[in-house]
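Listed below, chain by chain, are the residues.
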Amino acid sequence: MIITRFAPSPTGYLHLGHAFSAFNAWKRAREAGGRFLLRLEDIDPGRCRPDYAAAIQEDLAWLGLDWDGPVRVQSEHLGDYQGVLDGLAERGLVYPCFCTRADIAREVAASAAAPHGPDGAPQYPGTCRRLSVTERAERIAAGERFAVRLDMAAAFRPGLYFEEEGEGRITCHPERFGDVVLARKDAPASYHLCVTHDDAMQGVTLVTRGVDLKPATDLHRLLQALMGWSTPVYAHHRLLTDPEGKRLAKRDKAATLRSLRAEGVSARAVIERFGQSQ
Ligand code: GLU
């Protein structure tokens, strides 16, 4: 059975771009007699708000998109993500990183050719990877805050690929991310860890999401391989743009479902727009 999901982060009101993503996932499940799940990815306490979480559910219902089963709320499962991090630590695949942003920027500036990740950010220069076990333990005992990074050299698995609908096998290059953060100093787990964990735990078989997240799939595939989690099929869809061809973003207030509804635009008209732009 096909199981799809929509996994928004409640950091703002749903805009047309999110709604397009939700509609794609919902439609694929409904057409196939499958299940459509809703998951709130609210692990970043600084940016997520409960009123946005409530508004997302209200807006989806207004649009006529119904979901199956209870909503999964990531902040209610922090113990699960911690368990994954602990398991990776026992296998020597992650390490604590005490660096500040400024520390990292300084190191990167000082190195002649700092490789960059798929998101355009420079790869972490590996400073804390080289700390001794004793120094790590001392700094943790002293209460220094730390992020948790994947030790990419230790974790890398060659020959990974995922299935992209309509394209076939895509070879993965997770090494491009370098020692990626799996838990931040100010958030208990990263998007990459939680999304991959939850897609597997919830038995998602088809991940439909914006093409902006396609590069991240390489890393998600590595996490699946490391943890023995299942790999869904992926269908990355194009991003909706405004009339000038600019990508819709959360800051475009005019494109939120709330404001469209307030202007008297019907749910049907919104969905028709998706049909035209598919
Ligand atoms: N929570 C992510 C976001 O709001 C989406 C995750 C996904 O679909 O993989 O961008």
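All of these numbers come straight from a predicted model, not from anything done at the bench.

Broken down by element type, the protein chain carries 10 helices and 10 strands. A globule of 278 residues ought to have a C-alpha radius of gyration of about 19 Å, and the protein chain, at 20 Å, matches this closely. Here the C-alpha coordinates of the protein chain stretch approximately 60 × 35 × 35 Å along the principal axes. In the protein chain, buried positions account for 47% of the 278 residues.

All right, on to the site of the ligand then. Lining the immediate surroundings of the ligand are R5, A7, P8, S9, E41, Y191, V195, R209 and L213. At 2.6 Å from an oxygen atom of the ligand is found a side-chain nitrogen or oxygen belonging to R5. A distance of 2.7 Å separates a nitrogen atom of the ligand from a polar atom in the backbone of A7.

A word on the sheet that holds strand β4 (residues 94–97). As summarised here, the arrangement of the three strands in space is β4-β5-β8, forming an open sheet in which the pairing is antiparallel. At either margin of the open sheet sits one strand with a lone partner, and together these are β4 and β8 (181–183). For this sheet, the mean inter-axis angle between neighbouring strands, taken without regard to orientation, is 40°. As paired elements, strand β5 (residues 147–150) and β8 share two bridges and run antiparallel to each other. Bridging across to β8, V148 finds its partner in A183.

Before going further, it helps to spend a moment on the environment of D198. Within the secondary structure, D198 is located in helix α7 (residues 191–201). Residue classification places D198 among the buried positions, given a relative accessible area of 0%. Excluding anything up to four places from it in sequence, D198 contacts R39, R72, Q74 and Y81. Here the side chain of D198 touches R72 through a polar contact of 2.9 Å, side chain to side chain.

All chains considered together, the criterion is met by six aromatic pairs. Note on F23 and F274: the rings are 5.6 Å apart at their centroids and 40° apart in plane angle, and the pair reads as tilted. With F23 in helix α1 (residues 16–31) and F274 in helix α10 (residues 267–276), this residue pair connects regions lying 251 residues apart in the sequence. For the residue pair F23 and F274, the accessibility class agrees, reading buried in each case. A network of ring pairs unites the aromatic residues F20, F23, W26 and F274 as a single cluster. Geometry around Y124 places R149 over its ring, the cationic atom sitting 3.7 Å from the centre.

In the structure shown here, the tally under the stated rule is 23 salt bridges. For E58, the salt bridge goes to R261, with nearest N and O atoms at 3.9 Å. Of this pair, E58 sits in helix α2 (residues 50–63) while R261 sits in helix α9 (residues 257–262), placing them 203 residues apart in sequence. In this structure E58 comes out as partly exposed when scored by relative accessible area, which is 43%. Overlapping salt bridges, with partners in common, bring together R5, R39, E41, R72, D80, D198 and D199 in one network.

With that out of the way, let us pick up the side chain of R209. Take R209: it is sitting in strand β9 (residues 206–210). Among buried Asp, Glu, Lys and Arg side chains, R209 stands out as unpaired, with D199 the closest opposite charge at 4.9 Å. Reaching out from R209, the side chain makes a polar contact with the side chain of Y191 at a distance of 3.3 Å. A polar contact of 3.2 Å, which involves the side chain of R209, links it to the side chain of H236. Discounting chain neighbours no more than four positions away, the residues touching R209 are R5, S21, Y191, V195, T217, H220, Y234, A235, H236 and H237.

With respect to topology, three strands assemble into an open sheet ordered β1-β2-β3, the strand pairing being parallel. Strand pairing shows two members of the sheet lacking a second neighbour, β1 (3–6) and β3 (72–73), which therefore form its edges. The pairing of β1 with strand β2 (residues 35–40) spans four bridges and is classified as parallel. Residue I3 lies in a different strand from β2, and its bridge partner there is R35. Contacting β1 and β2, α1 runs over the sheet at an angle of about 165° to β1. Contacting β1, β2 and β3, α7 runs over the sheet at an angle of about 150° to β2.

About the criteria used
Residues numbered from 1 in each chain as written. Predicted model: local features only at pLDDT ≥ 70, side-chain atom pairs only at ≥ 80, totals over all residues. Heavy atoms only, no water. Helix = DSSP H or I, 4+ residues; strand = E, 2+ residues; numbered from the N terminus. Rg over C-alpha atoms; globule rule 2.2 N^0.38 Å. Buried < 20%, exposed > 50% of the residue type's maximum accessible area, 1.4 Å probe, protein only. Near = heavy atom within 4 Å. Polar contact = N/O pair within 3.5 Å; in protein donor to acceptor, adjacent residues only side chain to side chain. Pairing = 2+ DSSP bridges. Axes fitted to C-alpha atoms, helices over the stretch in contact; angles between N-to-C directions. Contact = heavy atoms within 4.5 Å. Phe/Tyr/Trp six-rings, centres within 6.5 Å; stacked < 30°, edge-to-face > 60°. Lys NZ or Arg CZ within 6 Å of the ring centre and 35° of its normal. Salt bridge = Lys/Arg side-chain N within 4 Å of Asp/Glu carboxyl O. Lys, Arg positive; Asp, Glu negative; His and termini not counted.

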